[in-house]
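Listed below, chain by chain, are the residues.
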Amino acid sequence: MDTFSDSNPFLLREYSHGIIEIIAIDSLINASHKAIGALFLLSKKVKHIIFTLPPQCNLATDTEPQLTKLTEAVDLNLVYLNEKQIPFNKDFLMSFKSSISAVLKITSKIVKEKTFENFSEVTPFKSSALNILNLLNNQNISFRRIEQQIIDEPLLVARILQTANSVFFMRRDKVQDISQALAYLGVEGIKHILLELIFHNLATKYFTEQKEKVFHSITCSHLSVSLAERLTNDKILLGKIHVAALLHDIGTLALQYSFPDEYKKVTMLAHKDKIQTFEAENTIFGINHIEIGGILCDTWRLPDYVKATVVGHHDFPTGHQTPVLEPIICANGFLNIESEGLSYLKYELILDRYAKGTFESNEAASNEAKHFLATKYENYMATLG
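The rules behind these values
- Residues numbered from 1 in each chain as written.
- Predicted model: local features only at pLDDT ≥ 70, side-chain atom pairs only at ≥ 80, totals over all residues.
- Heavy atoms only, no water.
- Phe/Tyr/Trp six-rings, centres within 6.5 Å; stacked < 30°, edge-to-face > 60°.
- Helix = DSSP H or I, 4+ residues; strand = E, 2+ residues; numbered from the N terminus.
- Buried < 20%, exposed > 50% of the residue type's maximum accessible area, 1.4 Å probe, protein only.
- Lys NZ or Arg CZ within 6 Å of the ring centre and 35° of its normal.
- Contact = heavy atoms within 4.5 Å.
- Disulfide = S-S within 2.5 Å.
- Core = buried A, V, L, I, M, F, W, Y, C linked by side-chain atoms within 4.5 Å.
- Axes fitted to C-alpha atoms, helices over the stretch in contact; angles between N-to-C directions.
- Parallel < 35°, antiparallel > 145°, perpendicular 65-115°, else oblique.
- Nonpolar A, V, L, I, M, F, W, Y, C, P; charged D, E, K, R; others polar.
- Pairing = 2+ DSSP bridges.
- Salt bridge = Lys/Arg side-chain N within 4 Å of Asp/Glu carboxyl O.
- Polar contact = N/O pair within 3.5 Å; in protein donor to acceptor, adjacent residues only side chain to side chain.

Under the criterion given, the structure shown has ten aromatic pairs. Note on F215 and Y380: the rings are 6.4 Å apart at their centroids and 20 degrees apart in plane angle, and the pair reads as stacked. Of the two residues, F215 sits in helix 8 (residues 211–228) while Y380 sits in helix 17 (residues 362–383), which places them 165 residues apart along the sequence. Among the residues examined, F215 registers a relative accessible area of 31% and is labelled partly exposed. For Y380, a relative accessible area of 15% puts it in the buried group. An aromatic cluster is built from F119, Y206, F207, Y257 and W300, whose rings are joined through pairwise contacts. Positioned above the aromatic ring of F372, the side-chain terminus of R230 is 4.0 Å from the ring centre. Directly above the ring of Y354 sits R353, whose terminal nitrogen or CZ lies 5.6 Å from the centroid.

Written out as structure tokens, the structure is:
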């Protein structure tokens, strides 16, 4: 809402997240101008203020100490076009050429701070699962030390034994205890289990309102592994693909969790303008799920291949991505376009490498692999009823 009156010779504009903009009107703004007084008044009520000077407005030199004092109390941002409008060194202020760029920059800072404040209190990331995962980053760690950390975690012990004895590993002799499981699964296998537990803990305890995105992540994991299995039976690689796909949209889930109402605008904008979700997020939040997810990966010290997937699953498919990332780009693209009606990169450009058979063209090979994905997706949906 814009407000203006004779008694207040400036415009006042309100944005979401409590951001206020004061737009000067008069040609010269000095220390006694009411716009400066309004800045001081607002600094007691809000955290983020934009002070905008249209081209016809100039600051007097006596406003420098006033603005300096304001920066001690509030996040003050200056918008102007011409350097001549500011007759002093303004390095103490964040400066922008437009109100929109200022709003987006402030919004991105607010969104980032709130998201990480929320997730600093999310218990799975303070749990033994994450502690053990970080412990495994030590290349000199012994199985004995790992066993000592795991043995007092009944849920984790049960999950490790269940995984070691699953059809996925096709083991004839049943694994009886943790020592045997550790020797069989190795450090990477244990990491995969921990990452899967972390995802499912978040999904069931915190992302209960983000059912569609959780389902997307689980389905993407299933399709990614199915696609990769056409090229390899390397269990370590397939395990990495499985957990990386589960976590590829952790940034989206974090944004939806922290800003559920605002994220609805992202989805609407992506569908309306036929743009990718991260582009819509940039418009609404000034930051996107790729950036948020990458910082979360660093904060939680998740494996490099997980971070590479989180920040790279929207990269243009070149055929030079890693063996972990490529099938996830394809599965994610398939779901975005064919199932969810969203815009996505041309994942078909690398899909042909997952085709089985001899084909006259890359397009024919890509179509075979797409048909495989569609069939896998239909069958998976059928199992869910």
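Moving on: the side chain of T277. Within the element layout of this structure, T277 appears in helix 12 (residues 277–285). According to the relative accessible area criterion, T277 is buried, its value standing at 16%. What T277 contacts, discounting residues up to four positions off in sequence, is Y263, V266, A270, H289, H314 and L342.

Right, let's get into the state of the cysteines. Overall, the coordinates contain zero disulfides when judged by the stated rule. Between C330, a free cysteine, and C220, which holds the nearest cysteine sulfur, the sulfur-to-sulfur gap is 10.0 Å.

By size, the foremost hydrophobic cluster in this structure holds 89 residues, and its most contacted members are I150 and I160. It is helix 7 (residues 178–205) that provides the largest number of residues to this core, a total of 13 residues. I160 has contacts with I150, I178, A181, L185, I190 and I193, leaving out every residue within four places of it along the chain. Counting residues in each nonpolar core, the second largest holds 25 residues, with L39, L70, L76 and L93 among its members.

Remark: helix 3 (residues 99–119) packs on helix 12, axes separated minimally by 8 Å, with the N-to-C direction vectors making an angle of 100 degrees. Considering the angle they form, helix 3 stands roughly perpendicular to helix 12. Residues L104, T107, S108 and V111 of helix 3 pack against N282, T283, I284 and F285 of helix 12. Class assignment for the residues of the contact of helix 3 with helix 12 results in four nonpolar, four polar and no charged.

Our next topic: the pairing of strand 3 (residues 19–24). The buried count for strand 3 comes to six of six residues, which makes it a mostly enclosed element. Side chains of strand 3 alternate between two faces, with I19, E21 and I23 and I20, I22 and A24 buried alike. As judged from the five bridges shared by strand 2 (residues 8–14) and strand 3, these two strands associate in the antiparallel manner. Note on strand 3: the bridge partner recorded for L12 is I22. In this sheet, strand 5 (residues 48–52) lies alongside strand 3 in parallel orientation, the contact comprising five bridges. Residue pairing in the sheet places E21 in a bridge with I50 of strand 5.

Summed over the entire model, instances satisfying the criterion amount to twelve salt bridges. A salt bridge links R353 to E326, with the shortest nitrogen-to-oxygen separation between them at 2.2 Å. Pair noted here: R353 is in the loop between helix 16 (348–351) and helix 17 and E326 is in helix 15 (residues 325–339), with a separation of 27 residues, a long-range link. Exposure remark for E326: the relative accessible area of 1% places this residue in the buried category. Between E338 and K370 there is a salt bridge; the shortest N-O distance is 3.8 Å. Of the two residues, E338 sits in helix 15 while K370 sits in helix 17, which places them 32 residues apart along the sequence. Judged by relative accessible area, which is 43%, E338 ranks as partly exposed. The network of salt bridges with shared partners includes E338, E348 and K370.

In this section: unusual backbone geometry. Peptide bonds are mostly trans, and most non-glycine residues show a negative phi. One non-glycine residue, H17, lies in the positive phi region at around 65 degrees. Mapping H17 onto the fold places it in the loop between strand 2 and strand 3. A relative accessible area of 24% means that H17 is categorised as partly exposed. With a phi close to 55 degrees, R301 is a non-glycine residue in the positive phi region. Relative to the elements of secondary structure, R301 occurs in the loop between helix 13 (289–300) and helix 14 (304–312).

For the rest of this paragraph, the subject is the side chain of Q85. Looking at the element boundaries, Q85 is found in the loop between strand 7 (75–79) and strand 8 (94–96). Residue Q85 is classed as buried on the basis of its relative accessible area of 1%. Polar contacts involving the side chain of Q85 include one to the main-chain carbonyl oxygen of L53, which spans 3.3 Å. When neighbours within four sequence positions are excluded, Q85 is seen to be in contact with L53, P54, P55, C57, N58, L59 and Y80.

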